[in-house]
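Secondary and tertiary structure notes
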Amino acid sequence: MSSQVEHGSGDTSGSAGCGTGGDTSGSAGCGTGGGGRYRREDVARAAGVKVRNLRYYQERGLLPPPRREGRIAWYSDDHLTRLRLISDLLGRGYTVNGIAELLHAWEEGGGLSQLLGLEREMTRDWVQEEPVTMTRAQLRKLFGPTATAADTRRAAELGYVTVDGDLVTYPNRRLLEATLTLVRQGVPLAEILDAGEFVQAQAAAVADRFVGLFRRHVIDVEGLEGLERLSATQLQHITAAVTALRPVAGEVVTSEFARAMARRVDAEVAELLRAEQ
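Quick look at the structure, then. What you see is a predicted model, and the numbers here were worked out from it, not measured in a lab.

1. Remarks on the overall build of the protein
A count of helices and strands for the protein gives 10 helices and 6 strands. The burial tally for the protein puts 32% of its 277 residues in the buried class. Per element, the accessible surface of the protein, about 17500 Å² overall, is 53% carbon and sulfur.

What follows is the structure in structure tokens.
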């Protein structure tokens, strides 16, 4: 792999948004009709790559050139999806030359658009999070004196918060509100974090199980090495299957958790009633 390719997002502190005076706080592109438009710095940040890699990928034939309006180069959702695919292939050990050959083969077979559509469908909307950012002083006021610096450090280790100087960000508002509800009911924050770590492990196991089922019975190939053998029709079938199956895992987990909670609460109530007799 060439040393010119660097992973990780570049310094985008000076990136400009779409149009004039645009909000560049998010990674979403702008434009109309649902088609994202991104400046160079924005598409690099959204894809998690260095800005300098964009030109290198274009020179090596991995990335189509952007559309230009005057001096501004606009990248699309297709560019973003392809960049993410390239990063994924690099992470799996493919060389830049190998990726170029793979993409060319898919293009020749007419399957590249289906492959990119599959990648978009498999990665979109799994996590819908609304972040909340506050100062450390606001955090202390919110949680009260029982929350400690050690709790904040552990929450950061578990991915529940990120800390940048005096600012603390909760990536998920719903988890923040759930935590506050438990704290206000008298549950120590340290024990909430214990429970959160347990839930993370169990959720990872459930996700592994569903991904395994999908791989064995829907894709039916061993990892990415088999995807290059799939036709455009097969890729389209897999994309349709992903679309249909996306909500299933969440619905199953939600329903089973509700059933388990009902059984556990019933047993607890019965135990309390027996204790009163």
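2. Some remarks on the pattern of salt bridges
Under the defined criterion, the tally for this structure stands at 10 salt bridges. The structure contains a network of salt bridges with shared partners spanning Arg37, Arg67 and Glu69.

3. A closer look at the pairing of strand β3 (residues 72-76)
Relative to β3, strand β1 (residues 37-38) runs antiparallel, the two sharing 2 bridges. Within the sheet, the bridge partner assigned to Arg37 lies in β3 and is Ser76. Sheet topology note: the strand β2 (residues 67-69)/β3 ladder contains 3 bridges and is antiparallel. The residue bridging Glu69 from the neighbouring strand is Ile72, located in β3. The antiparallel pairing of β2 with β3 creates a hairpin that spans 2 residues between the two strands, and Gly70 there sits at a positive phi of about 65°.

4. Side note on the sheet that holds β3
Pairing is antiparallel across the open sheet formed by 3 strands, whose spatial order is β1-β3-β2. Two strands lie at the open edges of the sheet, namely β1 and β2, each paired on one side alone. Sitting on the sheet, helix α3 (residues 77-91) touches β1 and β3, and the angle it makes with β3 is about 65°.

5. Some remarks on the packing of aromatic side chains
Given two aromatic rings, one states the distance between the centres and the angle between the planes to describe the pair. Under the defined criterion, the tally for this structure stands at 2 aromatic pairs. An angle of 45° between the planes, with centres 6.3 Å apart, marks the rings of Tyr56 and Tyr57 as tilted. Across this residue pair, the class does not change: Tyr56 and Tyr57 are buried. Aromatic pair Phe143 and Tyr170: ring centres 6.4 Å apart, planes at 20°, arrangement stacked. Taken as a pair, Phe143 in helix α6 (residues 136-143) and Tyr170 in strand β6 (residues 167-170) lie far apart in primary sequence, 27 residues in all.

6. Considerations on helix α8 (residues 173-184)
Over its 12 residues, α8 extends 16 Å from the first C-alpha to the last, a length consistent with the 16 Å expected when each residue adds 1.5 Å. Here α8 has its buried residues at Leu176, Thr179, Leu180 and Val183. Each buried residue of α8 sits inside an arc of 100° when the element is viewed along its axis, so together they form one side. The N-capping residue of α8, defined by a side-chain oxygen 2.9 Å from the backbone nitrogen of Arg174, is Asn172.

7. A word on a nonpolar patch on the surface
A cluster of nonpolar residues, Phe257, Met261, Val265, Val269 and Leu273, forms a patch on the protein surface that exposes about 470 Å² of accessible area. Tracing the chain through its elements places Met261 in helix α10 (residues 232-276).

8. Here we look at the packing of helix α1 (residues 40-47) against α3
Two quantities define a packed helix pair, namely the angle between the helix axes and the distance between the axes. Between α1 and α3, the shortest axis-to-axis distance is 9 Å and the interhelical angle comes to 45°. One finds that α1 runs oblique with respect to α3. Between α1 and α3 lies a crossing of right-handed hand. Taken together, the residues of α3 that come into contact with α1 (itself represented by Val43, Ala46 and Ala47) are Leu80, Leu83, Arg84 and Ser87.

9. Notes on the nonpolar core
Counting 25 residues, the largest nonpolar core has Val43, Leu54, Tyr57, Leu62, Tyr75, Leu83 and Ile99 as its most contacted members. For this core, the secondary-structure elements that each account for two or more residues are α1, α2 (51-59), β3, α3 and α4 (96-109). Listed in part, the 15 residues of the second largest apolar core include Val161, Leu180, Leu189 and Ile192.

10. Focus: α3
Helix length check: α3 (15 residues) gives 21 Å between terminal C-alpha atoms against 21 Å at 1.5 Å per residue, within 8%. Every buried residue belonging to α3 is among His79, Leu80, Thr81, Arg82, Leu83, Leu85, Ile86, Ser87, Leu89 and Leu90, and all of these are buried. Of the residues flanking the end of α3, it is Gly93, one or two places downstream, whose phi is positive at about 100°.

Parameters at a glance
- Residues numbered from 1 in each chain as written.
- Predicted model: local features only at pLDDT ≥ 70, side-chain atom pairs only at ≥ 80, totals over all residues.
- Heavy atoms only, no water.
- Helix = DSSP H or I, 4+ residues; strand = E, 2+ residues; numbered from the N terminus.
- Buried < 20%, exposed > 50% of the residue type's maximum accessible area, 1.4 Å probe, protein only.
- Areas by Shrake-Rupley, 256 points an atom, 1.4 Å probe, with all protein chains shown as cover.
- Salt bridge = Lys/Arg side-chain N within 4 Å of Asp/Glu carboxyl O.
- Pairing = 2+ DSSP bridges.
- Contact = heavy atoms within 4.5 Å.
- Axes fitted to C-alpha atoms, helices over the stretch in contact; angles between N-to-C directions.
- Phe/Tyr/Trp six-rings, centres within 6.5 Å; stacked < 30°, edge-to-face > 60°.
- Expected span 1.5 Å × (residues − 1).
- Arc of directions from axis to C-beta.
- Polar contact = N/O pair within 3.5 Å; in protein donor to acceptor, adjacent residues only side chain to side chain.
- Patch = residues over 30% accessible without salt bridge, like charges linked within 9 Å, V, L, I, M, F, W, Y side chains within 5 Å.
- Parallel < 35°, antiparallel > 145°, perpendicular 65-115°, else oblique.
- Left-handed = near helix turned anticlockwise from the far one by under 90°.
- Core = buried A, V, L, I, M, F, W, Y, C linked by side-chain atoms within 4.5 Å.

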